[in-house]
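This is what each chain is made of:
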Amino acid sequence: MGNTNWTSVSHFVLLGISTHLEEQIPLFFLFLLMYAINIFGNLAIIMLIISTPHLHTPMYIFLSNLALADICFTSTTVPKMLQNIFSPTKAITYMGCLAQTYFFICFAAMENFLLAVMAYDRYIAICYPFRYPTILTRMLCSQMVILCHILSHLHALLHTFLMGQLIFCADNKILHFFCDLYPLMKISCSSPYLNTLMIHTEGVIVINGTLAFIIASYARIISVVLQIPSAKSKWRAFSTCGSHLTVVAIFYGTLTWVYFRPLTSYSETEGRILTVMYTVVTPMLNPFIYSLRNEDVKGAFRKWVSRIWTSFFR
């Protein structure tokens, strides 16, 4: 660092998605709406699965955990962003920034692992339908969910610890709406080499490893489904996987594009837009993707609404 003067910062300034004043109000209401849809939609999925006995199967246990992870994932960033739109300082404390980074990484990783577990569930259900209840027992499901939590926290702890080792100088303005890894590394006045190295090694293993597992699971599923003689049975098998594949494509597509490239080629504007896709849009769409393409969920939802309507107007 030579003779450069530096001071450790006590807070950061989150500049948000846009710095144009005329865009602040529309952005506030847009993200408030998306956040509300995310919360109510995912809560509805969780309550529906809890209150419907025939949905107490591995597939829906994993789905309810994914819905909970989506709520936590979005709640890590959006409320602070909404507050900052009307804040004159747009500040977040140094420790608050590290905490936000930790939980953001944790719930992103949790969604990543849960998507892999859900792919395994579909693999067993389609490739070994008669052994499905004996393979995916309640105990194994619980162990898999617990393992997802443990791995997610360890992954987040590693990257947050490395972020805490960086030195930040007088420039504390972050061109983002939350404390993301790359924007923080861009304003650091110490070398982020180790941080970048871990993203491109451990991060690639965690994200691309689970993605490879999902692809392998669906390759096996497709080979089995193509051997089914009935066109109706083929369609039913593919339809149970379609919603999951849609979520996988959106989540991994944007995540890979944002993080797995050199820090020097990172664009703040492009990064903010793509980050919105997997931090806000995908969690908001998940309840609709999983419910609109799933007859069991749609049927249970109609009965659930009917029960609520009957009890309310009795």
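As annotated in an unreviewed UniProt entry, the protein chain carries the name Olfactory receptor and comes from Suricata suricatta. In UniProt, the protein chain has this text filed under Function (unreviewed entry): "Putative odorant or sperm cell receptor." Quoted verbatim from the Subcellular location (unreviewed entry) heading of the UniProt record, the comment on the protein chain is "Cell membrane".

S.K.: Would you explain the pattern of salt bridges in this entry?
M.R.: Pairing between side chains of opposite charge can happen when their charged atoms approach one another. By the definition in use, this model includes one salt bridge. When the shortest N-O distance is used, the salt bridge between R122 and D121 registers 2.9 Å. This pair shows no difference in class: R122 is buried, exactly as D121 is.

S.K.: Before we go on, may I ask you to explain the packing of helix 2 (residues 58-75) against helix 4 (residues 94-127) in this structure?
M.R.: When two helices pack together, their arrangement is given by the angle between the helix axes and by the axis-to-axis distance. For the pair helix 2 and helix 4, interaxial distance at closest approach is 9 Å and the crossing angle is 165 degrees. In terms of orientation, helix 2 lies roughly antiparallel with respect to helix 4. Between helix 2 and helix 4 lies a crossing of left-handed hand. Counting all contacts with helix 2, which are made through P58, M59, F62, L63, N65, L66, A69, D70, C72 and F73, the residues of helix 4 involved are F104, F107, A108, M110, E111, L114, L115, V117, M118, D121 and R122. Considering only residue class, the contact of helix 2 with helix 4 consists of 16 nonpolar, one polar and four charged.

S.K.: What am I meant to see in unusual backbone geometry here?
M.R.: With a phi close to 55 degrees, K90 is a non-glycine residue in the positive phi region. For K90, the location among the structural elements is in the loop between helix 3 (78-85) and strand 2 (91-93).

S.K.: It is not clear to me how helix 2 should be interpreted in this structure. Could you clarify?
M.R.: Working note: α-helix, 3.6 residues per turn, so residues spaced by three or four point in the same direction. With 18 residues, helix 2 extends 26 Å between its outermost C-alpha atoms, agreeing within 8% with the 26 Å of an ideal straight helix rising 1.5 Å per residue. The buried fraction of helix 2 is high, at 14 of 18 residues.

S.K.: Explain the packing of aromatic side chains here, please?
M.R.: Given two aromatic rings, their pairing is described by the distance between the two centres and the angle made by the two planes. Applying the stated criterion across every chain yields a total of 17 aromatic pairs. An angle of 25 degrees between the planes, with centres 6.3 Å apart, marks the rings of F73 and Y278 as stacked. Placement of the pair is F73 in helix 2 and Y278 in helix 10 (residues 268-292), with a sequence separation of 205 residues. Of the residues examined, F73 reaches a relative accessible area of 0% and is grouped as buried.

S.K.: What exactly am I supposed to notice about the packing of helix 6 (residues 138-164) against helix 8 (residues 193-225) here?
M.R.: Relative to each other, helix 6 and helix 8 sit at 170 degrees, their axes nearing to 10 Å. It follows from the interaxial angle that helix 6 and helix 8 lie roughly antiparallel. For the pair helix 6 and helix 8, contact is made by H155, L158, H159, L162 and M163 and by L194, N195, M198, I199, E202, G203 and V206, respectively. Class assignment for the residues of the contact of helix 6 with helix 8 results in seven nonpolar, four polar and one charged.

S.K.: Quick question: what am I supposed to make of the environment of L181 here?
M.R.: Relative to the assigned elements, L181 resides in helix 7 (residues 181-187). C-alpha separation for the pair L181 and S306, spaced 125 residues apart in sequence, amounts to 46 Å. The residues touching L181, leaving out its near neighbours within four places in the chain, are T101, I105, M163 and I199.

Reading the values: rules and limits
- Residues numbered from 1 in each chain as written.
- Predicted model: local features only at pLDDT ≥ 70, side-chain atom pairs only at ≥ 80, totals over all residues.
- Heavy atoms only, no water.
- UniProt positions renumbered as here; feature names shortened; annotations may be inferred.
- Salt bridge = Lys/Arg side-chain N within 4 Å of Asp/Glu carboxyl O.
- Buried < 20%, exposed > 50% of the residue type's maximum accessible area, 1.4 Å probe, protein only.
- Axes fitted to C-alpha atoms, helices over the stretch in contact; angles between N-to-C directions.
- Helix = DSSP H or I, 4+ residues; strand = E, 2+ residues; numbered from the N terminus.
- Parallel < 35°, antiparallel > 145°, perpendicular 65-115°, else oblique.
- Left-handed = near helix turned anticlockwise from the far one by under 90°.
- Contact = heavy atoms within 4.5 Å.
- Nonpolar A, V, L, I, M, F, W, Y, C, P; charged D, E, K, R; others polar.
- Expected span 1.5 Å × (residues − 1).
- Phe/Tyr/Trp six-rings, centres within 6.5 Å; stacked < 30°, edge-to-face > 60°.

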